[in-house]
Amino acid sequence: MGLGGDIQGALSDEILATAVGDAWRLAEAELLDSVVRISEEIQRLEALRVKLVGAVDHRCKVDVLGFPNAKMWLASKTLLEVGAAGRIVLLGRGLRLQPEIADEYFDTNISAEHAALIMKFCERPPKGMPLEALDDCRNALLFAATGPTANTDAVRAVIARLERAFESDDPLPSEDTDLNEFHASKTLNGRVAVRGDLDAVTGEMLLSALSGLSKPRPAQDGTKDPRTPGQRRADGFTELLRRYLDSGIAGEEGGERPHVSVHVNAKDLADHTDCSARAQQDAASSDDSLFTVDGVAWTEWMGPLSLRAARLLSCDSIYTPIVLDDNGAPLDLGISTRTVTKRQRKALVARDRGCAFPGCGAPPSWCEGHHIIHWSAGGPSDMGNLVLLCGFHHRLLHHSDWEIEMGADRHPTFIPPGQVDWERNPIPAHNRARPRAS
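Calculation criteria
Residues numbered from 1 in each chain as written. Predicted model: local features only at pLDDT ≥ 70, side-chain atom pairs only at ≥ 80, totals over all residues. Heavy atoms only, no water. Core = buried A, V, L, I, M, F, W, Y, C linked by side-chain atoms within 4.5 Å. Buried < 20%, exposed > 50% of the residue type's maximum accessible area, 1.4 Å probe, protein only. Helix = DSSP H or I, 4+ residues; strand = E, 2+ residues; numbered from the N terminus. Contact = heavy atoms within 4.5 Å. Salt bridge = Lys/Arg side-chain N within 4 Å of Asp/Glu carboxyl O. Phe/Tyr/Trp six-rings, centres within 6.5 Å; stacked < 30°, edge-to-face > 60°. Pairing = 2+ DSSP bridges.

It is worth spelling out the nonpolar core at this point. If you look at the biggest cluster of nonpolar residues, it comprises 36 residues, and the most contacted ones within it are Leu95, Ile101, Tyr105, Ile118, Phe121 and Leu141. When residues of this core are assigned to their parent elements, the largest contribution, 6 residues, is made by helix 8 (residues 134–145). Setting aside anything within four residues of it in sequence, one finds Ile101 in contact with Leu95, Ile110, Ala115, Ile118, Met119, Cys122, Arg138 and Leu142. One finds Ala347, Leu348, Ala356 and Ile372 within the second-largest nonpolar core, a separate group that totals 20 residues.

Next comes the structure, spelled out in structure tokens:
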């Protein structure tokens, strides 16, 4: 039964109604059969969705979608995450160009994952493979992927044998480091989503490094480790990063060895009482209190961090005290050197939190200190003449008509050139921007 089949016909109305209402009433044989049949229907519907989304991607333009692309549109209209929606769009787009694979997938003979795997092989076959061999190779892969007993390892094994059969001087796709990708992006809820595609050797190194750190740890009384395999690997990855940063072998970035930096008000760090009541009082007393950092710690990459996490990190850390005024600007730390000292850099990070250029906010480790009045023109290396900028905006300030002034609150403000704003209205630094009032 392909995509045109009757969706509800595979299960009797009586069994379907019973399964939806009171599954416990089903006999065991009926229960097992219901799960299998419904799974088949889900697979047919998913294949139909891929086919229709492929048509949307091909035919519907931005003005019809109301979104930049079909992936964003699909994610906005369903419970799918953007990444999952993107995979559906890419599969539908690729299957339009691979009718042989599309026929097997839309007839639900192969899974979406296996269809994508075979499609990738056909789009980029081994360079030593003659064109006339493609049909036979595709058929071999489709045969390996057909049926409920097919598994990904078996399909990959066929791919590996084909790659060896047509081996050339070029690296195999599974071993080609040029194809490696690793994405780590912040999510809206303050976490990090990690996704990657690594060559076999790098993958082996990663799995080997995680193996000993992610083993189950039963309790002393023999109770089974309650963590899932995914949770164990996440804990192992965290420990791997901690050991790497503690080892001091990572070189330097921003003039220092990479490490986790947390900026927190000393009173907040010492105050273990619940600060929610104090925060409510502050909010009631001043609208600007909504934008202060008191009651919240701050990290260079992830931004806001709870005081509880900051206190945990402070148990094994190096303190660098920086005295700030009421506006959160560090006090002057000296003018003796041309280059920014490490202590001044820490103060700049505490004030600017990254690239200060409006709308940028690149992390501090990618930034460098910039003299508002150049050193060669007599500008001192004190906090009133320094601003943290990423490499791109540092060069922009040196080769354009953008200007910087230090505001009355001892934070930098940016003056755009006339072609950007003919009135040249000052723009606050990135971390000083305020939301517009509604």
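In the structure shown here, the tally under the stated rule is 9 salt bridges. Between Arg37 and Asp33 there is a salt bridge, with its nearest N and O atoms 3.5 Å apart. On the criterion of helical spacing, the pair formed by Arg37 and Asp33 is a turn pair, its members being 4 residues apart in helix 2 (residues 28–59). For the salt bridge of Asp57 with Arg93, the shortest nitrogen-to-oxygen distance reads 2.8 Å. You can see Asp57 sitting in helix 2 and its partner Arg93 sitting in helix 5 (residues 82–95), a full 36 residues away along the chain. A residue is classified by how much of its surface remains accessible, and Arg93, at 36% relative accessible area, is partly exposed. Through salt bridges with shared partners, a single network forms among Glu100, Asp135 and Arg138.

Right, let's talk about the packing of aromatic side chains for a bit. Counted by the stated rule, this structure contains 3 aromatic pairs. Relative to Phe414, the ring of Phe357 lies with its centre 5.4 Å away and its plane at 70 degrees, an arrangement referred to as edge-to-face. One end of the pair, Phe357, is in the loop between helix 15 (342–352) and strand 6 (367–371); the other, Phe414, is in strand 9 (residues 412–415), and 57 residues separate them in sequence. When its relative accessible area of 7% is taken as the criterion, Phe357 is described as buried.

Bringing the sheet that holds strand 8 (residues 403–406) into the picture now. Judged by pairing direction, the sheet is antiparallel, and its 3 strands sit side by side in the order 8-9-10 without closing on themselves. Looking along the sheet, the strands with just one partner apiece sit at the ends: strand 8 and strand 10 (427–428). Pairing of strand 9 with strand 10, which is carried by 2 bridges, proceeds in the antiparallel orientation. Bridge pairing in strand 10 links Phe414 to Ile427.

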